[in-house]
Amino acid sequence: MVNPAPGAVSAITVAKELDRVMRSDRGRLLAALAAGLRDISLAEEALQEAAISALAHWGRSGLPRSPQGWLLQVARRKAIDRLRGNTREAQRARALAVLIPDEGAPQSETIPDQRLRLIFACCHPALELKSRVALTLRSVCGLTTAEIARAFLDTEPTMGQRLSRAKAKIAAAGIPFAIPEADLWPSRLESVLTTVYLIFTTGYLAPTDEPRDLCREAEFLMRLIDQLRPDDPEIEGALAMILLTAARRRARIGVDGISLPPRMQNRSLWDASRVAEGRAILARAMERLQPGPYQIKAAIADCHMAEPGPDWPQIAALYFALWRHEPTPIVSLNAAVAIAEAGDPTHGLAIIEGLEEQLRDYQPWHAARAAMLGMTGDKFAAVQAYRRAIAMAPTAPDALFLEQRLADIETQENVQPDA
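Visitor: Explanation requested: the overall build of the protein chain in the structure shown.
Guide: Helix and strand counts for the protein chain come out as 20 helices and zero strands. The 419 residues of the protein chain split such that 49% are buried. For the protein chain, the share of sequence-separated contacts (at least 6 apart) that also reach a separation of at least 24 residues comes to 66%. With the model as given, the accessible surface of the protein chain reaches about 20200 Å², and the carbon-plus-sulfur share is 53%.

Visitor: Help me understand the pattern of salt bridges in this model?
Guide: Pairing of side chains with opposite charge becomes possible as their charged atoms draw close. Inspection of the entire model under this criterion finds 24 salt bridges. Taken together, the shared-partner salt bridges in this structure form one network comprising Glu219, Arg223, Asp271, Arg274 and Glu277.

Visitor: Could you clarify how one ought to interpret the packing of aromatic side chains in this entry?
Guide: The relation between two aromatic rings is expressed through the spacing of the ring centres and the mutual angle of the planes. Taken as a whole, this structure holds three aromatic pairs when the rule is applied. Each ring, one from Trp58 and one from Trp70, has its centre 5.5 Å from the other, and the planes form 70 degrees; the classification is edge-to-face. In this pair, Trp58 sits in helix H2 (residues 40–61) while Trp70 sits in helix H3 (residues 67–84), placing the two residues twelve residues apart along the sequence. As far as burial versus exposure is concerned, Trp58 and Trp70 are alike and both buried. Among the aromatic side chains, those forming a connected cluster through ring pairs are Tyr197, Phe200 and Tyr204. A cation sits over an aromatic face here: Arg252 above Tyr204, 5.0 Å from the ring centre. The ring centre of Tyr294 lies 4.6 Å from the NZ or CZ of Lys297, which sits over that ring.

Visitor: Just checking my understanding: could you explain the nonpolar core for this structure?
Guide: The tendency in soluble globular proteins is for nonpolar side chains to be buried side by side. Among the nonpolar cores identified, the biggest contains 93 residues, and Leu71, Leu118, Ile119, Leu135, Leu137 and Val196 are the most heavily contacted of them. Discounting chain neighbours no more than four positions away, the residues touching Val196 are Ala218, Leu221, Met222, Ile225 and Ile242. If you look at the next biggest cluster of nonpolar residues, it comprises 30 residues, including Leu260, Trp365, Tyr386 and Leu406.

Visitor: Would you explain the packing of helix H6 (residues 129–139) against helix H9 (residues 185–204) in this entry?
Guide: Two packed helices can be described by the angle between their axes and the distance between those axes. Packing of H6 against H9 brings their axes to within 9 Å, and their N-to-C directions diverge by 75 degrees. One way to sum up the angle between H6 and H9 is to call them roughly perpendicular. Contacts between H6 and H9 pair Leu129, Arg132, Val133, Thr136 and Leu137 from the former with Ser191, Thr194, Thr195, Leu198 and Ile199 from the latter. Here the contact of H6 with H9 is built from residues that sort into five nonpolar, four polar and one charged.

Visitor: I keep staring at helix H18 (residues 363–375) and nothing clicks. Help me out?
Guide: At 3.6 residues per turn, the α-helix brings residues three or four places apart onto the same side. Here H18 spans 19 Å end to end across 13 residues, near enough to the 18 Å set by a 1.5 Å rise per residue. Packing partners of the buried residues in H18 comprise helix H15 (329–341), helix H16 (345–353), helix H17 (356–359), helix H19 (379–391) and helix H20 (396–410). Once H18 finishes, Gly377 follows within two positions and takes phi at roughly 95 degrees, a positive value.

Visitor: Before we go on, may I ask you to explain the side chain of Arg188 in this structure?
Guide: Inspection of the secondary structure puts Arg188 in helix H9. Under the relative-accessibility criterion, Arg188 is labelled buried at 11%. In this structure the side chain of Arg188 is engaged in a polar contact, spanning 2.6 Å, whose partner is the backbone oxygen of Phe120.

Visitor: How should I be thinking about unusual backbone geometry in this particular structure?
Guide: Residues other than glycine predominantly adopt negative phi, and peptide bonds predominantly adopt the trans conformation. Along the chain, Glu307 connects to Pro308 via a cis peptide bond; the corresponding omega equals 0 degrees. Assignment of secondary structure puts Pro308 in the loop between helix H13 (293–304) and helix H14 (312–325). Non-glycine residue Leu289 carries a positive phi angle of around 60 degrees. Position of Leu289 among the secondary structure elements: in the loop between helix H12 (272–286) and H13.

Visitor: Please explain the environment of Ile119 as it appears in this structure.
Guide: You can see Ile119 is positioned in helix H5 (residues 115–122). Relative accessible area serves as the criterion here: at 0%, Ile119 is assigned to the buried category. Taking the C-alpha atoms as reference points, Ile119 and Val140, 21 residues apart in sequence, are found 7.0 Å from one another. Excluding residues within four positions of it along the chain, Ile119 makes contact with Val140, Val192, Leu221, Leu224 and Ile225.

Visitor: Would you mind going over the side chain of Asp232 with me for this structure?
Guide: Turning to its location among the elements, Asp232 is positioned in the loop between helix H10 (214–228) and helix H11 (233–246). Despite its burial, Asp232 pairs with no opposite charge; the closest candidate is Arg229, at 4.6 Å N-O. Reaching out from Asp232, the side chain makes a polar contact with the backbone nitrogen of Glu234 at a distance of 3.0 Å. For Asp232, the residues in contact, after removing those within four places along its chain, are Trp185 and Leu189.

Visitor: How do you make sense of the environment of Asn334 when you look at a structure like this?
Guide: Mapped onto the fold, Asn334 is located in helix H15. Residue classification places Asn334 among the partly exposed positions, given a relative accessible area of 30%. Residues Asn334 and Gly348, spaced 14 residues apart in sequence, show a C-alpha to C-alpha distance of 9.5 Å.

Visitor: Whenever I open this one, H15 confuses me. Can you help?
Guide: An ideal rise of 1.5 Å per residue puts 18 Å on 13 residues; H15 measures up with 18 Å between its terminal C-alpha atoms. Of the residues making up H15, those classed as buried are Val331, Ser332, Leu333, Ala335, Ala336, Val337, Ala338, Ile339 and Ala340. Turning to H15, the residues buried within the fold contact H14, H16, H17 and H18. Positioned one or two residues after H15, Gly343 has a phi angle of 125 degrees, which is positive.

Scoring rules and cut-offs
Residues numbered from 1 in each chain as written. Predicted model: local features only at pLDDT ≥ 70, side-chain atom pairs only at ≥ 80, totals over all residues. Heavy atoms only, no water. Helix = DSSP H or I, 4+ residues; strand = E, 2+ residues; numbered from the N terminus. Buried < 20%, exposed > 50% of the residue type's maximum accessible area, 1.4 Å probe, protein only. Contact = heavy atoms within 4.5 Å. Areas by Shrake-Rupley, 256 points an atom, 1.4 Å probe, with all protein chains shown as cover. Salt bridge = Lys/Arg side-chain N within 4 Å of Asp/Glu carboxyl O. Phe/Tyr/Trp six-rings, centres within 6.5 Å; stacked < 30°, edge-to-face > 60°. Lys NZ or Arg CZ within 6 Å of the ring centre and 35° of its normal. Core = buried A, V, L, I, M, F, W, Y, C linked by side-chain atoms within 4.5 Å. Axes fitted to C-alpha atoms, helices over the stretch in contact; angles between N-to-C directions. Parallel < 35°, antiparallel > 145°, perpendicular 65-115°, else oblique. Nonpolar A, V, L, I, M, F, W, Y, C, P; charged D, E, K, R; others polar. Expected span 1.5 Å × (residues − 1). Polar contact = N/O pair within 3.5 Å; in protein donor to acceptor, adjacent residues only side chain to side chain. Lys, Arg positive; Asp, Glu negative; His and termini not counted.

Nothing here speaks to function; it is all geometry.
Below is the structure:
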């Protein structure tokens, strides 16, 4: 079946090699299996069974020339054996059997990379967004169910059920493991980029001592998508945005535990290599003259990092450009903040007040309104708004930052209700 190295191999050597292969190539192997089987659950189970078989077989016969090819071939056989045991799937098993090479066929050292197909299946719009994120982390990045549950503050059984439902929906709905046709590419790509960016933001707000860094997982995914689908300006824009934001991660919490906006951060803590790479990728994307929302968001991130401080007029202009792609109240809120910071807080506050009905339950609206009220001189109303924003703050560092701003206003004289 394989061309083994002569002689037996120690169990420790086999375990180390198998661990190395599964860490580096699990996503590629699972994608190759799922593309043929059209069933993520079956692909996962078959790959796990192949890995168990490898522990015994490689120890007796030696390491195969291509461990990846060995695992892929054995996993396919395991999957077909499972299907043959199900009367309803017998015909499918016979059809899939043609995928299996002859017993003595040499193992391929090159496995076609099907991960982009797997990513599009996991990120299909028919799946709920949280399920898309979880399934992508499990299938493409190889995170365990426990790791994903911890990232989303779920129990492991709850996350396991979510993953199972998502896999079952893909199988039942016949969601294809395929790259969309040209006319469907833009809409489907948006789902993929949204999923990956949510993975990034979840990691960005997580404690830095988490064993699995979701920011790095998101960066890996975006680099992979860029590699597998090169020269797409929106993919480049999304990658640039992740790199520029990730570059500031070490500086976002001050020594006193307070969340800091870019203008207040210690720039010496920024990752200079990521900043340079992100700006270069963004410049390349913009040269293609096909502007899109992720390129605009990356440009906004870059403007926040301008010397000597954020370029607020340019940020405001970019948010108005973004609104044409994403006419949402959150984009309007961010535009209002930029307008105020650029020197017109009265205009900014008017926009924010007009968003109350849509955003009254959105904590950043209260924080932005508090800042605008302070800038326009309504200190009493600003105090009340800050207290509301603090009560709704999503993290302790964010609350500390707002408490500091509140203290600055309360120490000013005559903070009384307007007559």
